[in-house]
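Overview (structure and organization)
The lines below spell out each chain.
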Amino acid sequence: MHKIAISNQKGGVGKSTTSINLSAGLARAGKKVLLVDLDPQGHSSLGLGIKTENRQTVAELLCQDNCTIKDVIQPSYIENLHVIPSDNSLSAAEVKLAQTTAKEFVLRKKLKNAEYDFIIIDTSPTFNTLLANAFLTAEHIILPVQLDFFSLAGIQSFMESINCTNEKAGSLVEHHANIMGVLLTFYKTRSNLSKRVLDALKDIFGEKVFDTKIPENVKLSEAQESSKAVFDHDPKCSGAEAYHNLVKEVMGRLTNVN
Ligand SMILES: Nc1ncnc2c1ncn2[C@@H]1O[C@H](COP(=O)(O)OP(=O)(O)OP(=O)(O)O)[C@@H](O)[C@H]1O
Ligand SMILES: [Mg+2]
């Protein structure tokens, strides 16, 4: 089983869009996939049409000892793709979680017996107990980056957060989260600025920058509005083609690792 967190402390860079379409693409490739929405905004849940009214969500999973993944997993409209949804109740749950013992290890423990080929975790753009739980569950991190002037600013502190979590908490359970890939999103024909930012990213991450680049494509937003993965909204659009390529590249990298 591969566990991948989609994370960047910068907001609006395509984390949820990538979580939804990578999960859907892996499921379409025949993999059994669990998407965990760890963001109180609940965008991954909404984008796949998962309802949370009168249901237990990831908030209960993290805060109630007797709540198990069986209580919170919902099937999606896509075969092989299940979701542990989230909504704004996760904000209060995060405050409660932050006061409990071994607070960073709760998600890891609850997912221990999950039987999936892939677990994809969508994260919020805030470093808090939820993000620590994601880094202590996932062994791989995909970092979506939008090539703009500010995109490099937060990367160093983001990498420090991962290293610090690995050293202080991961070492206790022999867990080490690694950046598996850097994914360029909202990609447009290169301007001089984006070329400079891309060069800087390649200096830091080398071959970890995915060959696949996700173009700016309004079909990706429209798909979310209609609660569908892009493959079911407009299978021929450039966004669908790019996420299809990302699925292949992710599976290829994991084959090389194992
Ligand atoms: N490649 C793209 N082309 C056009 N629009 C996109 C693309 N990727 C994402 N979007 C849109 O941009 C907005 C932000 O994307 P998304 O929600 O995936 O970012 P995020 O990193 O999850 O944001 P947050 O930090 O708030 O969780 C959404 O409205 C989404 O539909
Ligand atoms: Mg999001």
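It should be emphasised that the depicted structure is a prediction, and the values quoted were computed from it without experimental measurement.

Rules used in this analysis
Residues numbered from 1 in each chain as written. Chains lettered and ligands numbered in written order. Predicted model: local features only at pLDDT ≥ 70, side-chain atom pairs only at ≥ 80, totals over all residues. Heavy atoms only, no water. Helix = DSSP H or I, 4+ residues; strand = E, 2+ residues; numbered from the N terminus. Rg over C-alpha atoms; globule rule 2.2 N^0.38 Å. Buried < 20%, exposed > 50% of the residue type's maximum accessible area, 1.4 Å probe, protein only. Contact = heavy atoms within 4.5 Å. Areas by Shrake-Rupley, 256 points an atom, 1.4 Å probe, with all protein chains shown as cover. Lys, Arg positive; Asp, Glu negative; His and termini not counted. Charge placed at Lys NZ, Arg CZ, Asp CG, Glu CD. Pairing = 2+ DSSP bridges. Arc of directions from axis to C-beta. Right-handed = clockwise from strand over helix to strand, strands pointing away. Near = heavy atom within 4 Å. Polar contact = N/O pair within 3.5 Å; in protein donor to acceptor, adjacent residues only side chain to side chain. Nonpolar A, V, L, I, M, F, W, Y, C, P; charged D, E, K, R; others polar. Patch = residues over 30% accessible without salt bridge, like charges linked within 9 Å, V, L, I, M, F, W, Y side chains within 5 Å. Salt bridge = Lys/Arg side-chain N within 4 Å of Asp/Glu carboxyl O.

**What about the overall build of the protein?**
- Across its full length, the protein carries 12 helices and 8 strands.
- Relative to its length of 258 residues, the protein is compact, with a C-alpha radius of gyration of 17 Å against a globular reference of 18 Å.
- Principal axes of the C-alpha set define a box for the protein whose edges measure 55 × 40 × 35 Å.
- Counting across all 258 residues of the protein, residues that qualify as buried make up 53%.
- For the protein, contacts bridging at least 24 residues in sequence account for 79% of all contacts bridging at least 6.
- A total of about 12100 Å² of accessible surface is found on the protein, and carbon and sulfur atoms cover 49% of it.
- In the protein, 28 side chains carry a positive charge and 29 a negative one; their mean positions are 2 Å apart.

**Some words on the sheet that holds strand 2 (residues 33–38)**
- Pairing within the open sheet is mixed, and its 8 strands lie in the order 3-4-2-5-1-6-7-8. Every interior strand has two partners, whereas the edge strands, strand 3 (74–75) and strand 8 (209–215), have only one.
- Looking at chain direction, strand 7 (residues 178–187) and strand 8 are connected through 3 bridges and run parallel. The partner of Tyr187 across the bridge, within strand 8, is Pro215.

**Considerations on the pairing of strand 5 (residues 118–123)**
- Counting buried positions along strand 5 yields 6 of 6 residues, so the element is predominantly enclosed.
- Going residue by residue along strand 5, you find Phe118, Ile120 and Asp122 tucked away on one face and Ile119, Ile121 and Thr123 tucked away on the opposite face as well.
- The pairing of strand 1 (residues 2–6) with strand 5 spans 5 bridges and is parallel. Each residue of the ladder has a partner; that of His2, found in strand 5, is Phe118.
- The sheet contact formed by strand 2 and strand 5 spans 6 bridges and is parallel. Bridging across to strand 5, Val36 finds its partner in Ile121.

**Comments concerning the environment of His43**
- With respect to the secondary-structure elements, His43 resides in helix 2 (residues 43–47).
- Along the backbone, His43 and Ser16 are 27 residues apart, and their C-alpha atoms lie at a distance of 6.2 Å.

**As for helix 5 (residues 89–97)**
- Three or more residues of helix 5 are buried, namely Leu90, Ala93, Glu94 and Leu97. One side of helix 5 carries all its buried residues, which in axial view fall inside an arc of 105 degrees.
- In the core, the buried residues of helix 5 are packed alongside strand 2, helix 3 (58–63), helix 6 (106–110) and helix 7 (129–135).

**Things to note about the pairing of strand 7**
- The buried fraction of strand 7 amounts to 8 of the 10 residues, a majority that puts the element mostly inside the structure.
- Of the pairings in the sheet, the one linking strand 6 (residues 140–146) to strand 7 comprises 7 bridges and is parallel in character. Bridging from a neighbouring strand, Val145 pairs with Leu184 of strand 7.
- Taken together, strand 6, helix 8 (residues 155–168) and strand 7 form a β-α-β motif whose crossover is right-handed.

**Some thoughts on the site of ligand 1**
- Close to ligand 1 lie 18 residues, the nearest being Lys15, Ser16, Thr17, Asn217 and Gln224.
- The side chain of Thr17 places a nitrogen or oxygen atom 2.6 Å from an oxygen atom of ligand 1.
- Here a nitrogen atom of ligand 1 sits 2.9 Å away from a polar atom, N or O, in the main chain of Asn217.
- Starting from 630 Å² of accessible surface for ligand 1 in isolation, the protein chains cover 82%.
- Mapped onto the shell around ligand 1, the elements with two or more residues apiece are helix 1 (15–28), strand 8 and helix 10 (218–225).
- Counted by class, the shell around ligand 1 contains 6 nonpolar, 9 polar and 3 charged residues.

**Side note on a nonpolar patch on the surface**
- On the surface, Phe149, Phe150 and Leu193 cluster together into a nonpolar patch covering about 340 Å² of accessible area.
- Its location among the elements puts Leu193 in helix 9 (residues 192–205).
- Here Leu193 falls in the partly exposed class, since its relative accessible area comes to 32%.

The values reported here are purely geometric and, on their own, carry no functional implication.
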